[in-house]
There are 2 protein chains.
Amino acid sequence: MTISIPKGTRDFSPEEMVKRNHIFDTVKSVFKLYGYLPIETPAMENLGTLLGKYGEEGDKLLFKILNSGNFLDNVSSELLVADKYMPLTNKISEKGLRYDLTVPFARYVVQHRNDIVLPFRRYQIQPVWRADRPQKGRYREFFQCDADVVGSVSLLNEVELLQIIDAVFAELNIEITVKLNNRKILAGIAGMMMQSDRLTDITTAIDKIEKIGVDAVKQELADRGISEEQISILEPILCIEGDNREKLNKIEAVFLSAQNAEAGLAGIAELRTVLNCLDELNADSSSSVEIDFSLARGLNYYTGAIIEVKANNMEMGSICGGGRYDNLTGIFGMKDVSGVGISFGADRIYDVMTAKNLFPHNTVETTRILFANMGHGEAIYCLKALRKLRAAGISAEMYPDTVKLKKQMEYADKRGIPFVAIAGDSEILSESFTLKNMRLKTQIQVSLEELIDNVKIS
Amino acid sequence: MTISIPKGTRDFSPEEMVKRNHIFDTVKSVFKLYGYLPIETPAMENLGTLLGKYGEEGDKLLFKILNSGNFLDNVSSELLVADKYMPLTNKISEKGLRYDLTVPFARYVVQHRNDIVLPFRRYQIQPVWRADRPQKGRYREFFQCDADVVGSVSLLNEVELLQIIDAVFAELNIEITVKLNNRKILAGIAGMMMQSDRLTDITTAIDKIEKIGVDAVKQELADRGISEEQISILEPILCIEGDNREKLNKIEAVFLSAQNAEAGLAGIAELRTVLNCLDELNADSSSSVEIDFSLARGLNYYTGAIIEVKANNMEMGSICGGGRYDNLTGIFGMKDVSGVGISFGADRIYDVMTAKNLFPHNTVETTRILFANMGHGEAIYCLKALRKLRAAGISAEMYPDTVKLKKQMEYADKRGIPFVAIAGDSEILSESFTLKNMRLKTQIQVSLEELIDNVKIS
């Protein structure tokens, strides 16, 4: 029998759990400080809730649950042929595993609209599942940490989310660059080129400027069927350089002299408001915010701000991202509820922290002291002491079996437990313990009170 | 479009999350104090890992995942007929959602045997899924909180788990009775009756003694086909009364005068050892431990101790249970690894705490103070103050939109936020805030430092 787990999934060992919890706890504590409230939704959603929300490709990547019992009961025999698996799917499966936390959240808001007070700030930290081809850094089960505000159009929400990003990564000691764009600017570019349906081609090309240069980008656009005239309209934007304000001033000039670029001006105004607020508030910010007109994530989805976070000096995709969506609950029939949110990618953050050795070297979450087991009477003597240690908040354990002391010391060593206490007849007589410091290789004889003082994390 | 979630599943609102987290955090903190280490396993396991581990009924209750892509690709047409859904299932599904945390843990121990130091104390808090018929208090997605020790046969592990049970429920303020039995005593009873395969019938009948009396139980056993002679062998056990020691002495006398009851004597010795240790250690214990020879949960599974916890004065099933299993990893080919574990039922504990009004009335996890939004300049003034509050660890938020103050106050009221701060021109001039106490309906003018002092939870 081969013992394994499905590909693309993972077990988490105690060591990994402690590190992952460090990330989750940090994110959670910042969310809470900003007044975000926790919710959770079921792992399974009705397929009607999920299908059609992530594009055709997304529908294929949903994990679908086989109906219970005789799932073929009401299936007509015409569907039971090998080339009809798609229509058959809908007959034999009505539930799927959630693909992200945003669509379940939209469903939650609509379903519980009468119990929710708007504006509603919520956070949600749960696993999601995608039947993607597994590869390095891409899993079929992974955690998302989302924070969203719905029911408010104020740009102060964007500012707040950027502050949260800053606070989380400062706390985790990760140096980051925040890239910022606005869907309306992209709409302005597409509008003046009369190419609203080619936005992905255009932004993909703009994105390569730094790597391949203006001429190569123009060639690529031409290859993708963008006409010379349209490319010449775009060219001034390709050449925009400078700091954030310069970039905004330059693209403003382009939009002002172009046709059909009104949306772009609204986007510029929004970005300026956000940048001004950040300037007034984040004098001590450790992260830098960078306007990037090529940023286009979640194109079909976002309607205002687009946010993406990269770890500095790391070859890796974004470790956090988000944006504003004006119509998310619209898919469930609830109109005019604007939202803006961000999502932290716990797995990539974990990889960055591992690569840069950023996890704190504490042992807070593991056992501080092992009591050796020298026999039944000695064990009872130690177990009484253990009660007092635990009452003092110290994680402590006793070796459960009376085996050779050498084996028990090896256990403490392999587990990385820093202290071992031993009590034989003479210690019991003098109401004391022999306390071994496993790192310093020293030992002293102490009373229980002294032992607690020695072992406690100061 | 109907907006709903699959039956038997639940959304958790912020209020429910805070309460559930109180339970999880309590359980976790006790597990940690006893040196248990956290692990997590994937939601999906290979069906080969899950099938056959929970009996025939359990196999049916597994949620199975439809294979991705054209799942009919390698299915022969003979299988594609309505009455062959069982063999078809195995062709179109190779993964299932975990049904409990014990089998995935056994799989984990075997798969990672080279990285684990035995004895291995682990805890695991994750959801499980069962395609049970939903009913009050029974869900298709629910959380289990498990702690197990594997690789040690010492009865001190049983003692430790009983201490953990005591500590968790003392911390949660739930009064409990712990019922204790031993599979070997049941084996002794079955042995002397020569009815090893009828244990479930026998224990179910014994269990009814208090409700229906000895005669009715004897009648029921007869109805189930147990012979008069066998019933007369059992009768002395049906009549056992008294405290724990008396019960053990009386059943010992029965076993000593019977044939084929040696296993029972071993069970008595184990129970005495555990009770003696508890007496020596738990002088201040708040829970009572009660020997109950009818306790038979997980019959096919446990080989030693059997533990079940009930909340006092509540009509409800057990809120925690567990026992020793000598051969769990054997199903995955790893022999001679004994284990003992307990599992807390978070949902039932939640229901008990709700019914008995035991959740602490603090607002630690929710927003302490709302800053009203009186316009852009005022908002910036408040946002600067908010940074300081959050740095002081106070959960605080600003109303994101500049709307009527009345609406903002209503928001604070509905959310249960205890303080509201307001700053207009005059407050800004004097570098102060008007601080409203929403409960006392008072307001004072304060500096930022005074505001922090007022709002802080002392």
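Conventions adopted
- Residues numbered from 1 in each chain as written.
- Chains lettered and ligands numbered in written order.
- Predicted model: local features only at pLDDT ≥ 70, side-chain atom pairs only at ≥ 80, totals over all residues.
- Heavy atoms only, no water.
- Contact = heavy atoms within 4.5 Å.
- Buried area = accessible area lost by both parts, 1.4 Å probe.
- Salt bridge = Lys/Arg side-chain N within 4 Å of Asp/Glu carboxyl O.
- Helix = DSSP H or I, 4+ residues; strand = E, 2+ residues; numbered from the N terminus.
- Nonpolar A, V, L, I, M, F, W, Y, C, P; charged D, E, K, R; others polar.
- Least-squares fit on C-alpha atoms with pLDDT ≥ 70 in both.
- Axes fitted to C-alpha atoms, helices over the stretch in contact; angles between N-to-C directions.
- Parallel < 35°, antiparallel > 145°, perpendicular 65-115°, else oblique.
- Left-handed = near helix turned anticlockwise from the far one by under 90°.
- Patch = residues over 30% accessible without salt bridge, like charges linked within 9 Å, V, L, I, M, F, W, Y side chains within 5 Å.
- Areas by Shrake-Rupley, 256 points an atom, 1.4 Å probe, with all protein chains shown as cover.
- Lys, Arg positive; Asp, Glu negative; His and termini not counted.
- Charge placed at Lys NZ, Arg CZ, Asp CG, Glu CD.
- Phe/Tyr/Trp six-rings, centres within 6.5 Å; stacked < 30°, edge-to-face > 60°.
- Buried < 20%, exposed > 50% of the residue type's maximum accessible area, 1.4 Å probe, protein only.
- Expected span 1.5 Å × (residues − 1).
- Pairing = 2+ DSSP bridges.

### Some words on the interface of chain B and chain A
Accessible area lost during the coming together of the parts is what is often quoted as the interface size. Contact with chain B, which involves 100 residues of that partner, is made by 99 residues of chain A. Across the chain B to chain A interface the summed buried area is about 8900 Å²; carbon plus sulfur atoms make up 62%. On the surface where chain B and chain A come into contact, there are four salt bridges. Its salt-bridge partner being arginine 107 of chain B, residue aspartate 11 of chain A comes within 2.6 Å of it at the nearest N-O pair. The element best represented in the side of chain B that touches chain A is helix α14 (residues 376–391) of chain B, accounting for seven residues. Tallied by class, residues from the side of chain B that touches chain A come to 51 nonpolar, 26 polar and 23 charged.

### Things to note about the relation of the copies chain B and chain A
Of the two same-sequence chains, chain B is brought onto chain A (RMSD 0.1 Å, axial shift 0.0 Å) by a rotation of 180°. Such a combination of rotation and displacement between the chain copies is what one expects of a two-fold axis. Closest to the rotation axis within chain B is the C-alpha of isoleucine 65 of chain B, separated from it by 2.3 Å. A shared binding surface is used by both copies, with 99% of the interface residues of chain B retained as interface residues in chain A.

### Regarding the side chain of asparagine 244 of chain B
Along the chain, asparagine 244 of chain B falls in helix α11 (residues 244–256). Residues in contact with asparagine 244 of chain B, not counting those within four places in the same chain, are Leu275, Val289, Glu290 and Ile291 of chain B.

### Some points on the packing of helix α7 (residues 183–193) of chain B against helix α12 (residues 262–281) of chain B
Residues and elements named next belong to chain B. Interaxial distance between α7 and α12 falls to 7 Å at its minimum, and their mutual angle equals 155°. Classified by the interaxial angle, the pair formed by α7 and α12 is roughly antiparallel. Note on packing geometry: the crossing formed by α7 with α12 is left-handed. Facing α7, whose interface residues are Lys184, Ile185, Ala187 and Gly188, α12 presents Ala263, Gly264, Ala266, Gly267, Ile268, Glu270 and Leu271. Split by residue class, the contact of α7 with α12 holds six nonpolar, three polar and two charged.

### A closer look at a negative patch on the surface
A cluster of acidic residues, Asp207, Glu210, Glu241 and Glu290 of chain A, forms a negative patch at the surface. Inspection of the secondary structure puts glutamate 241 of chain A in the loop between α10 (228–238) and α11 (244–256).

### Points about the packing of aromatic side chains
Considering all chains together, one arrives at 24 aromatic pairs over all chains under this definition. Each ring, one from phenylalanine 31 of chain A and one from tyrosine 36 of chain A, has its centre 6.3 Å from the other, and the planes form 40°; the classification is tilted. Taking relative accessible area as the criterion, phenylalanine 31 of chain A reaches 0% and is therefore assigned buried. Between tyrosine 350 of chain B and phenylalanine 359 of chain B the ring centres are 5.4 Å apart and the planes differ by 55°, which places this aromatic pair in the tilted class.

### Considerations on helix α12 (residues 262–281) of chain A
In this model, α12 of chain A (20 residues) spans 30 Å end to end at C-alpha, consistent with the 28 Å of a helix rising 1.5 Å per residue. Those residues of α12 of chain A that sit buried are Gly264, Gly267, Ile268, Glu270, Leu271, Val274, Leu275, Cys277, Leu278 and Leu281 of chain A. Those residues of α12 of chain A hidden inside the fold are in contact with α6 (156–172), β7 (176–182), α7 (183–193), α11 and β8 (288–291) of chain A together with α14 of chain B.

### Details of the sheet that holds strand β12 (residues 369–371) of chain B
Residue and element names in this part refer to chain B. Taken in spatial order, the five strands line up as β13-β12-β14-β15-β16 in an open sheet, and their pairing is mixed. Edge positions in the sheet fall to β13 (396–398) and β16 (442–446), since each of these pairs with one other strand and no more. Going from strand to strand, the sheet's axes swing by 25° on average, the running direction of each strand aside. Here strand β15 (residues 433–437) runs beside β16; their pairing, made up of five bridges, is antiparallel. Among the inter-strand pairings, threonine 434 is bridged to a residue of β16, identified as glutamine 445. Sitting on the sheet, helix α17 (residues 448–455) is in contact with β12, β14 (419–422), β15 and β16, with an inclination near 140° to β16.

Geometric descriptors of this kind do not, in isolation, establish any biological role.
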